[in-house]
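Spelled out, the chains give:
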Amino acid sequence: MQNIALRLIAFSLLFSGTTTVSLKAMAAEDNKVVIGYFSTEKQEDFEKKITPVFEAFKGGCKNCELVNLTPYDDKGNYSEKDLVAKVKSPPPEVTFYFFSWNKKANDQTKDLIQALGEKVDSGKLVIAPTGHAAEGEPGLALNRTVMGQAKDVIIIGEIIGNERMIPQSYFGPEMMTAIKAPKEYQGQGYSPLYFATRLAAVWNKRKPAEWLQHFKTKKIKSRKIWLDENDLLGR
């Protein structure tokens, strides 16, 4: 009888420990923050260039993930024709969107601008860079760009040097702010991704629907020319 009792106690402890581990795993899964990434670069560039940078930016954030949603053709090149469909129907685990690009708006981008606005209205946050003109091309006001025309996209510029933005950056009041990336990544266009990764690390401190208004309020109340990531992501 004593042996049976000991076996029952041991089994009970084992089951209890397994349940605790399972509950912890489920809680971690629930707290996962997944950034849906959209680019115009080749598929191979995501693993070679973007993934290592994201891993460096996320540091100890075990719940932060970056998922590539960029549409490609059968050769691994960006396929613009499938972009709107991807924006409209992301995997259910995606928390918010990050676009690595911005460009001049035209008749061909109307559907994308509308789709982005619809996602924002549904509660999906969208983060994107200001974008910038290629060498020899004129700059643009942000209100003439895709992200500048899409509703409530969080547009982040990149600062280099003494509070200067990257040359030829698109500019306008539609921009939330401009920040610096960590020193070794400055001037390479990674500031918006750095901001998105920092946001992912603190995402669960607020309800998803609260972040957009939080950013707007911070911008309105600040007297700074540029709010940094700590200004926007703090209390």
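Residues numbered from 1 in each chain as written. Predicted model: local features only at pLDDT ≥ 70, side-chain atom pairs only at ≥ 80, totals over all residues. Heavy atoms only, no water.

A few points about the state of the cysteines
Turning to step 1, where the next piece is worked out: Summed over the entire model, instances satisfying the criterion amount to 1 disulfide.
Turning to step 2, where the next piece is worked out: Shown here is the disulfide that connects cysteine 61 with cysteine 64, its sulfur atoms set 1.9 Å apart. Around the S-S axis, the bridge from cysteine 61 to cysteine 64 shows a dihedral of about 70° and counts as right-handed. An identical accessibility class is assigned to cysteine 61 and cysteine 64; each is buried. (Disulfide = S-S within 2.5 Å. Buried < 20%, exposed > 50% of the residue type's maximum accessible area, 1.4 Å probe, protein only.)

Points about helix α7 (residues 211-221)
Structurally, the α-helix is built with 3.6 residues per turn, so residues lying three or four positions apart point the same way.
Turning to step 1, where the next piece is worked out: Looking only at α7, the buried set comprises Trp211, Leu212, His214 and Phe215. Taken around the axis of α7, the buried residues stretch over an arc of 165°, which confines them to a single face. Across from the buried face of α7, at angles greater than 90 degrees, the exposed residues are Ile220 and Lys221.
Turning to step 2, where the next piece is worked out: Tucked inside the fold, the buried residues of α7 contact α4 (110-121), β5 (154-160), β7 (175-179), α6 (191-202) and α8 (229-233). (Helix = DSSP H or I, 4+ residues; strand = E, 2+ residues; numbered from the N terminus. Arc of directions from axis to C-beta. Contact = heavy atoms within 4.5 Å.)

Focus: the layout of surface pockets
Turning to step 1, where the next piece is worked out: Roughly 450 Å³ of internal volume is contained in the largest pocket.
Turning to step 2, where the next piece is worked out: In terms of lining, the largest pocket is formed by 25 residues, of which the most central are Ser100, Pro129, His132, Gln188 and Gly189.
Turning to step 3, where the next piece is worked out: If you list the elements that add at least two residues to the lining of the largest pocket, you get α2 (43-58), β5 and α6.
Turning to step 4, where the next piece is worked out: Element by element, the count of residues in the lining of the largest pocket is highest for β5, at 3 residues.
Turning to step 5, where the next piece is worked out: Here the second largest pocket defines a volume of roughly 170 Å³.
Turning to step 6, where the next piece is worked out: Taken together, 15 residues form the lining of the second largest pocket, with Asp152, Val153, Glu174, Met176 and Lys216 sitting closest to its centre.
Turning to step 7, where the next piece is worked out: Elements with a contribution of two residues or more to the lining of the second largest pocket: α5 (146-149), β5, β7 and α7.
Turning to step 8, where the next piece is worked out: At 4 residues, the largest contribution of residues to the lining of the second largest pocket is made by α7.
Turning to step 9, where the next piece is worked out: Looking at side-chain class alone, the lining of the second largest pocket contains 10 nonpolar, 1 polar and 4 charged residues. (1 Å grid on protein atoms, 1.4 Å probe; cavity = no way out; pocket = protein on both sides within 12 Å on 5 of 7 lines; lining within 4 Å. Points joined across faces, edges and corners; volume = space filled by probe spheres on them. Nonpolar A, V, L, I, M, F, W, Y, C, P; charged D, E, K, R; others polar.)

A word on α2
Turning to step 1, where the next piece is worked out: An ideal rise of 1.5 Å per residue puts 22 Å on 16 residues; α2 measures up with 21 Å between its terminal C-alpha atoms.
Turning to step 2, where the next piece is worked out: Where α2 bends most, the angle comes to about 40°, and this point is isoleucine 50, followed within four residues by the proline proline 52.
Turning to step 3, where the next piece is worked out: Regarding α2, the residues found buried are Asp45, Phe46, Ile50, Val53, Phe54, Phe57 and Lys58.
Turning to step 4, where the next piece is worked out: Buried-residue contacts for α2 involve β1 (33-38), β2 (64-68) and α6.
Turning to step 5, where the next piece is worked out: Taken from the residues just after α2, glycine 59 is the one with a positive phi, measuring 55°. (Expected span 1.5 Å × (residues − 1). Bend = angle between axes of the 7 residues up to and from the residue.)

Section: the environment of phenylalanine 98
Turning to step 1, where the next piece is worked out: Note that phenylalanine 98 resides in strand β3 (residues 96-99).
Turning to step 2, where the next piece is worked out: Along the backbone, phenylalanine 98 and phenylalanine 38 are 60 residues apart, and their C-alpha atoms lie at a distance of 6.2 Å.
Turning to step 3, where the next piece is worked out: Not counting residues up to four positions away in its chain, the partners in contact with phenylalanine 98 are Ile35, Gly36, Tyr37, Phe38, Ile127, Pro192, Leu193 and Ala196.

Looking at the nonpolar core
Turning to step 1, where the next piece is worked out: Core analysis: the largest hydrophobic core is formed by 68 residues, its most contacted members being Phe96, Phe99 and Phe215.
Turning to step 2, where the next piece is worked out: Top element by residues in this core is α6. It accounts for 7 residues. (Core = buried A, V, L, I, M, F, W, Y, C linked by side-chain atoms within 4.5 Å.)

Looking at the pattern of salt bridges
Turning to step 1, where the next piece is worked out: This structure, assessed with the given rule, holds 10 salt bridges.
Turning to step 2, where the next piece is worked out: Put simply, lysine 32 and glutamate 65 hold a salt bridge, and the shortest N to O gap is 3.5 Å. With lysine 32 in the loop between α1 (2-30) and β1 and glutamate 65 in strand β2, this pair connects stretches of sequence that are 33 residues apart.
Turning to step 3, where the next piece is worked out: The partner of glutamate 41 in a salt bridge is lysine 49, with the nearest N and O atoms 3.2 Å apart. (Salt bridge = Lys/Arg side-chain N within 4 Å of Asp/Glu carboxyl O.)

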